[in-house]
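# Notes for the structure review
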Amino acid sequence: MIMTGPDTPPLPFICRKSPASGAGGVVVTNHPLGSAAGHEILAAGGNAVDAAVAALLTLTVVEPMMVGIAGGGVSHLRLPDGRHIVYDCLSHAGASATPDMFRPVSDNLPDYMETEGRKNLVGPGAVAVPGNLIGWCTMQKAHGVLPFADVIDPAIRAATKGFRVTSYLSGTIQRHADDLAADPVISALFLPDGQVAQPGHVLVQSDYADSLRLIAKDGASALHGGALGQALVDRLGAEGSVSMDDLRSYTAREREAIFGTYRGFQIAGPPPPASSGVHVTQMLNMLEGYDLAAMGFDNPERLHLLAEVIRVGFEDRRAASGDPDFVDIPVGKLISKPYAQECRKRMRDIGGATPVPPGYESQNTTHITVADKGGIVVSATHTINGLFGARFMVPGTGIIPNNYMYNFDPHPGKALSIVPGKRVPTSMAPMIVLKDGALRFALGLPGALRIFPSAMQAIVNMIDFDMTPQQAVEAPRLWTEGAHVELEPDYAHHKAALEAKGHEVQLVPHIGGGMNAIAFQPDGQMTGAACWRADGTVSALGGGLADAGVSFHI
């Protein structure tokens, strides 16, 4: 058990990992080599943007099931002058995509999102216009300080020399081995000799290394209009809805962050089509009316309160969310304190099932949190949507395309129906928290619909319960969308109490994925933390160069 103070009850969990601190910079990713790449770039004189892009590119090599250059995501930057910039790199439907391009198999749950032949899930028809690579190149060119060729070099080395498969990666290969086996190109890598690559297997990706070398030379245009883009379009063929014109015209959107307050802290997150900036703020506004610290962390009444707040947040997300180019979203109303008072009236004393409309969002993505000594912070969440995206590989390139089209409603005439250029809502929550304008912590995680409620709980953990970042990211989580309440194992002892309040409770191994965070101290020290739910690893820089004029003398 972890004690939070001499007069507070013990917390109902034990941290499984250790944090790391340093004043020179911190990199936290969900793979050791991703964190090492970012560390290398910081040590070479790069800033947090350089390190973040290096880490993300390396993760496309070592976390190929989660993220790739042909995917999408959201990066949230905090700059030394106090500006926040959100790079929307989300995938969108191609110009030739139509609302009736798929044939749904059912108008009812649980098969509402499914289509004939799984064409919106697996194969060329599932691929949407990617944004990751051009987004990373755009923000690195605008805010990095190193040559891009230096930033991409760790990824090239990892692909060329190979790396050892972890049990985490091997397990994901096993989960989708049948689909991977159907494509001879991707199966040659992940199913050597027809068998799932086991932990310790050295995975070399020569074709992808060549693609990365081309990107080092040509930048994002290698994919967005160049040889890699042509290879992708050729592989998609007639089944695909992504053209070279789509690739050439894609632009990473710069958006303004959403700001809210909670107990004197400033909470910053991405705006729509991301849900987190709006609905994390809304949920925290609701919780601000309660003394959570007095209730205690390990208290079923607090868990019931969290469940109701999250349920109401999801009600409003379903009612008003989406791509702001296509949907009018009342952001000002949703994040206002007076509206939170109205929302509290919708909370129930007794839990119960709420019908949940159909929808889908991939749980398979990655998150990084990076900070440098100069005051730049990057909190970024990126994906290829499902595990191994569309579950095939573009021949000769090593590129795994996304399967983002599965997120759209395959039925015409619906709020999330397919429209050219449209993005669907995302739960990605690259959050940054400040106090009196000074950085306090940044965090995020993978996990689809479970992302932003989990990020909100971690913020509460640090503000209301004064947890360390390690405790905050490893703490047990609760989740609901309205139909049932999920509890992680360290909350299992509250199952009966929540059921007595009318909740349908399900115990699950984990909620969401590997959260990571960085906390900031006034003296410049930074502490990074990664949780047990992934291969998360922290790399921190301490020490530094000698002062000018200091040299070795015998």
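This section reports on the structure supplied with the text. If you're wondering where the values come from, they're calculated on a predicted model, not measured in any experiment. (Residues numbered from 1 in each chain as written. Predicted model: local features only at pLDDT ≥ 70, side-chain atom pairs only at ≥ 80, totals over all residues. Heavy atoms only, no water.)

## Description of the overall build of the chain
Helix and strand counts for the chain come out as 18 helices and 21 strands. The C-alpha atoms of the chain give a radius of gyration of 23 Å, which matches the 24 Å a tight globule of 554 residues would have. With the C-alpha coordinates aligned to their principal axes, the bounding extent of the chain is approximately 80 × 60 × 45 Å. Residue pairs in contact within the chain that sit at least 24 positions apart in sequence constitute 72% of those at least 6 positions apart. For the chain, the accessible area works out to roughly 20,000 Å², and carbon and sulfur atoms hold 53% of it. Between the averaged position of the 41 positive side-chain charges in the chain and that of its 54 negative side-chain charges there is a distance of 2 Å. (Helix = DSSP H or I, 4+ residues; strand = E, 2+ residues; numbered from the N terminus. Rg over C-alpha atoms; globule rule 2.2 N^0.38 Å. Contact = heavy atoms within 4.5 Å. Areas by Shrake-Rupley, 256 points an atom, 1.4 Å probe, with all protein chains shown as cover. Lys, Arg positive; Asp, Glu negative; His and termini not counted. Charge placed at Lys NZ, Arg CZ, Asp CG, Glu CD.)

## Some words on the sheet that holds strand β17 (residues 485–487)
Judged by pairing direction, the sheet is mixed, and its three strands sit side by side in the order β16-β17-β18 without closing on themselves. With partners counted over all chains shown, the strands left at the sheet margins are β16 (478–480) and β18 (505–507), one partner each. Strand after strand, the sheet turns through a mean of 25 degrees between neighbouring axes, direction not considered. In this structure, β17 lies alongside β18, joined through three bridges in parallel fashion. Looking across to β18, one finds that L487 is bridged to L507. Lying on the sheet, helix α13 (residues 300–319) is in contact with β16 and β17; it crosses β16 at an angle near 40 degrees. (Pairing = 2+ DSSP bridges. Axes fitted to C-alpha atoms, helices over the stretch in contact; angles between N-to-C directions.)

## Regarding the packing of aromatic side chains
Within the structure shown, the criterion is met by seven aromatic pairs. Summarising the aromatic geometry, the rings of F314 and W479 are spaced 5.9 Å apart at their centres and angled 85 degrees between planes, so their arrangement reads as edge-to-face. One end of the pair, F314, is in helix α13; the other, W479, is in strand β16, with 165 residues separating them in the sequence. Considered together, F314 and W479 belong to a single accessibility category, that of buried residues. Three or more aromatic residues joined by ring pairs make a cluster, and in this case those are F13, F297, F465 and Y491. (Phe/Tyr/Trp six-rings, centres within 6.5 Å; stacked < 30°, edge-to-face > 60°. Buried < 20%, exposed > 50% of the residue type's maximum accessible area, 1.4 Å probe, protein only.)

## Examining helix α5 (residues 167–175)
When we look at burial in α5, the residues that qualify are L169, S170, T172 and I173. Down the axis of α5, the buried set is contained in an arc of 160 degrees. They therefore lie on one face. Facing away from the buried surface of α5 by more than 90 degrees, the exposed residues are S167, Q174 and R175. On its buried face, α5 is in contact with α2 (48–62), β7 (163–164), α6 (177–181) and α7 (184–190). (Arc of directions from axis to C-beta.)

## Overview of the sheet that holds strand β21 (residues 537–541)
Taken in spatial order, the seven strands of this open sheet run β9-β6-β5-β13-β12-β4-β21, and their pairing is antiparallel. Strands with a single pairing partner mark the edges of an open sheet, and in this sheet they are β9 (253–255) and β21. On average, adjacent strands in this sheet sit at an angle of 15 degrees to one another, irrespective of strand direction. For strand β5 (residues 72–78) and strand β13 (residues 377–383), the ladder comprises seven bridges, and the chain directions are antiparallel. Its bridge partner being in β13, H76 is matched across the sheet by S379. In this fold helix α1 (residues 32–43) packs onto β4 (25–29), β12 (365–372) and β21, with an angle of close to 160 degrees to the strand it touches most, β4.

## Quick notes on the state of the cysteines
For the structure on display, the rule yields zero disulfides. Here C89 is not cross-linked by a disulfide; its sulfur's nearest cysteine counterpart is in C137, at 10 Å. Using a relative accessible area of 0% as the deciding quantity, one classes C89 as buried. No disulfide involves C531; its sulfur sits 10 Å from the nearest other cysteine sulfur, which is in C15. Using a relative accessible area of 1% as the deciding quantity, one classes C531 as buried. (Disulfide = S-S within 2.5 Å.)

## A closer look at the nonpolar core
In terms of nonpolar packing, the biggest core is built from 85 residues, with L57, V61, I173, F190, L212, I215 and F388 touching the most fellow members. For I215, the residues in contact, after removing those within four places along its chain, are I69, L133, F148, I152, A222 and L228. Core analysis: the second largest hydrophobic core is formed by 64 residues, L11, M283, I459 and I463 among them. (Core = buried A, V, L, I, M, F, W, Y, C linked by side-chain atoms within 4.5 Å.)

## Quick look at empty space enclosed by the protein
Summed over the entire model, instances satisfying the criterion amount to seven cavities of 30 Å³ or more. In this structure, the second largest cavity encloses a volume near 90 Å³. In terms of lining, the second largest cavity is formed by T60, P64, V67, G68, I69, A70, Q205, Y208, M393, G398, I399 and I400. Across the lining of the second largest cavity, the residue classes tally to eight nonpolar, four polar and no charged. (1 Å grid on protein atoms, 1.4 Å probe; cavity = no way out; pocket = protein on both sides within 12 Å on 5 of 7 lines; lining within 4 Å. Points joined across faces, edges and corners; volume = space filled by probe spheres on them. Nonpolar A, V, L, I, M, F, W, Y, C, P; charged D, E, K, R; others polar.)

## Quick look at the side chain of D183
Structurally, D183 is set in the loop between α6 and α7. The class of D183 is buried, set by a relative accessible area of 8%. Excluding residues that lie within four positions of it along the chain, D183 makes contacts with R235, R391, F392 and M393.

## Focus: helix α8 (residues 206–218)
In this model α8 runs 18 Å from its N-terminal to its C-terminal C-alpha over 13 residues, within 8% of the 18 Å that 1.5 Å per residue would give. Buried residues in α8 make contact with α2, α3 (132–143), α4 (148–161) and α9 (227–236). Following α8 by one or two positions, G219 has its phi on the positive side, about 70 degrees. (Expected span 1.5 Å × (residues − 1).)

## Observations concerning the pattern of salt bridges
If you walk through the whole model with that rule in mind, you get 26 salt bridges. R157 serves as the salt-bridge partner of E40, at 2.6 Å between the closest nitrogen and oxygen. Taken together, the residues span a long stretch of sequence, with E40 in helix α1 and R157 in helix α4 at a distance of 117 residues. A salt bridge links E308 to R348, with the shortest nitrogen-to-oxygen separation between them at 3.3 Å. Residue E308 is located in helix α13, and its partner R348 is located in the loop between α15 (337–344) and β12; the two are separated by 40 residues in the primary sequence. On the accessibility criterion, E308 (1% relative accessible area) is buried. On the basis of relative accessibility, which here comes to 24%, the residue R348 falls in the partly exposed class. (Salt bridge = Lys/Arg side-chain N within 4 Å of Asp/Glu carboxyl O.)

Everything listed is a geometric property; what it means functionally is a separate question.
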